[in-house]
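Tertiary structure, described
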Amino acid sequence: MLKAITRDVSASLSDCELSFVDRRPIDVATARLQHAAYRQALTALGCTVIELPALDAMPDAVFVEDVAVVVDEIAVMTRPGVESRRSEGAAVAAVLAGCRQLRHIQAHGTLDGGDVLRVGRRVFVGQGARTNPEGIAQLAGHLRPLGYAVQAVPTRHCLHLKSAVTQVGEDTLLIQPRWIDREAFAGYRLIEVDPDEEHAANALLIGEGGVIHPACFPRTGERLQRGGIHVVPVDLSELQKAEGATTCCSIVLRASGE
Ligand code: GLY
């Protein structure tokens, strides 16, 4: 059984951190409706969805992915790369403590969960805007003894590694080649985003059921479908203005003991 931890959209979402996109007005009511549709898509793909209440003093708290890296054995609570996000993790840690042993990234390491792409026993970690070498070394220190191979991958022109590459099938990755070097992912089948859909590489794979992908990138969605991948399009336009997308709005984990 898969669980998906989510958090409702903060009233203050418009005050979110932005690094690589310009600030535009955000309709929070619409963002909440889109987030509800996203949760429904998670449910339709087989997840039991946990809905944490909004943290209105923390604009980016809806992007729960960034505060924890969860594998079957443990959960590593991160230390996000921007100060404004470092208090978001406490309530998520309280949930995860019920199903995983917790580890913590310590100062002066920084790590955002959006920079961590796990494909089986391989863990790729983006080194860029938010995650530093010390954070990657600490994560590796927690995961390598459990049998995970951890590899740093430099990112460019994007917020997180998973802005540039995500898993969309057992051995298939969706990639934006302008933002990441494909050589790091040799051996995988790579599907490139449509050249006119710059931000389309962030998709959320749920088990073997399919991927949640932003509805505003239909050409890339068609590429995925042609590649044999079931696509569930969800309109996330307001959350995308906050530099979020499909993976950042949930932490998907196997229920412990399975
Ligand atoms: N607004 C998402 C982030 O910058 O962390």
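Just above, that's the structure.
Residues numbered from 1 in each chain as written. Predicted model: local features only at pLDDT ≥ 70, side-chain atom pairs only at ≥ 80, totals over all residues. Heavy atoms only, no water.

1. What to know about the layout of surface pockets
A volume near 1,000 Å³ is recorded for the largest pocket. Around the largest pocket, the lining is made up of 40 residues, and of these Arg 118, Gln 167, Leu 205, Gly 207 and Val 252 lie nearest the centre. Of all the elements in the fold, those that place two or more residues in the lining of the largest pocket are strand S3 (68-70), strand S6 (116-119), strand S9 (165-169), strand S12 (204-206) and strand S15 (251-254). Per-class residue counts for the lining of the largest pocket are 18 nonpolar, 13 polar and 9 charged. The computed volume of the second largest pocket comes to approximately 370 Å³. In terms of lining, the second largest pocket is formed by 23 residues, of which the most central are Val 21, His 199, Gln 240, Glu 243 and Gly 244. Only helix H4 (161-164) and helix H6 (237-241) provide two or more residues apiece to the lining of the second largest pocket. (1 Å grid on protein atoms, 1.4 Å probe; cavity = no way out; pocket = protein on both sides within 12 Å on 5 of 7 lines; lining within 4 Å. Points joined across faces, edges and corners; volume = space filled by probe spheres on them. Helix = DSSP H or I, 4+ residues; strand = E, 2+ residues; numbered from the N terminus. Nonpolar A, V, L, I, M, F, W, Y, C, P; charged D, E, K, R; others polar.)

2. Topic: helix H1 (residues 28-44)
Compared with the 24 Å implied by 1.5 Å per residue over 17 residues, the 24 Å span of H1 between its first and last C-alpha is a close match. Taken together, the buried positions of H1 are Val 28, Ala 31, Gln 34, His 35, Tyr 38, Arg 39, Ala 41 and Leu 42. Taken around the axis of H1, the buried residues stretch over an arc of 155°, which confines them to a single face. Facing away from the buried side of H1, by more than 90 degrees, are the exposed residues Ala 29, Leu 33, Gln 40 and Ala 44. Packed against the buried residues of H1 are strand S1 (2-7), strand S2 (47-52), S12, strand S13 (210-214), strand S14 (231-234) and H6. Put simply, Asp 27 is the residue that caps the front of H1, since its side-chain oxygen is 3.1 Å from the backbone nitrogen of Ala 29. (Expected span 1.5 Å × (residues − 1). Buried < 20%, exposed > 50% of the residue type's maximum accessible area, 1.4 Å probe, protein only. Arc of directions from axis to C-beta. Contact = heavy atoms within 4.5 Å. Polar contact = N/O pair within 3.5 Å; in protein donor to acceptor, adjacent residues only side chain to side chain.)

3. A few points about the nonpolar core
Most often, soluble globular proteins keep nonpolar side chains buried together rather than apart. Membership of the largest hydrophobic core comes to 26 residues, with the highest contact counts inside it found for Leu 13, Tyr 38, Leu 42, Phe 63, Ile 212 and Leu 239. Listing elements by their share of this core, those giving two or more residues are H1, S12 and S14. The dominant element in this core, judged by the number of residues it contributes, is H1, at 5 residues. With sequence-adjacent residues up to four places away left out, Phe 63 is seen in contact with Leu 13, Arg 85, Leu 239, Ala 242, Gly 244, Cys 248 and Cys 249. (Core = buried A, V, L, I, M, F, W, Y, C linked by side-chain atoms within 4.5 Å.)

4. Overview of the sheet that holds S6
Taken together, the 3 strands give an open sheet; going across it, the order is S6-S7-S8, and neighbouring strands pair in mixed fashion. The sheet terminates laterally at S6 and strand S8 (149-154), the two strands that pair on one side only. The average angle at which neighbouring strand axes cross in this sheet is 20°, direction not considered. Its contacts with the sheet put helix H3 (residues 133-143) on S6, strand S7 (122-127) and S8, and the angle it makes with S7 is roughly 165°. (Pairing = 2+ DSSP bridges. Axes fitted to C-alpha atoms, helices over the stretch in contact; angles between N-to-C directions.)

Distances and angles like these do not, on their own, reveal function.
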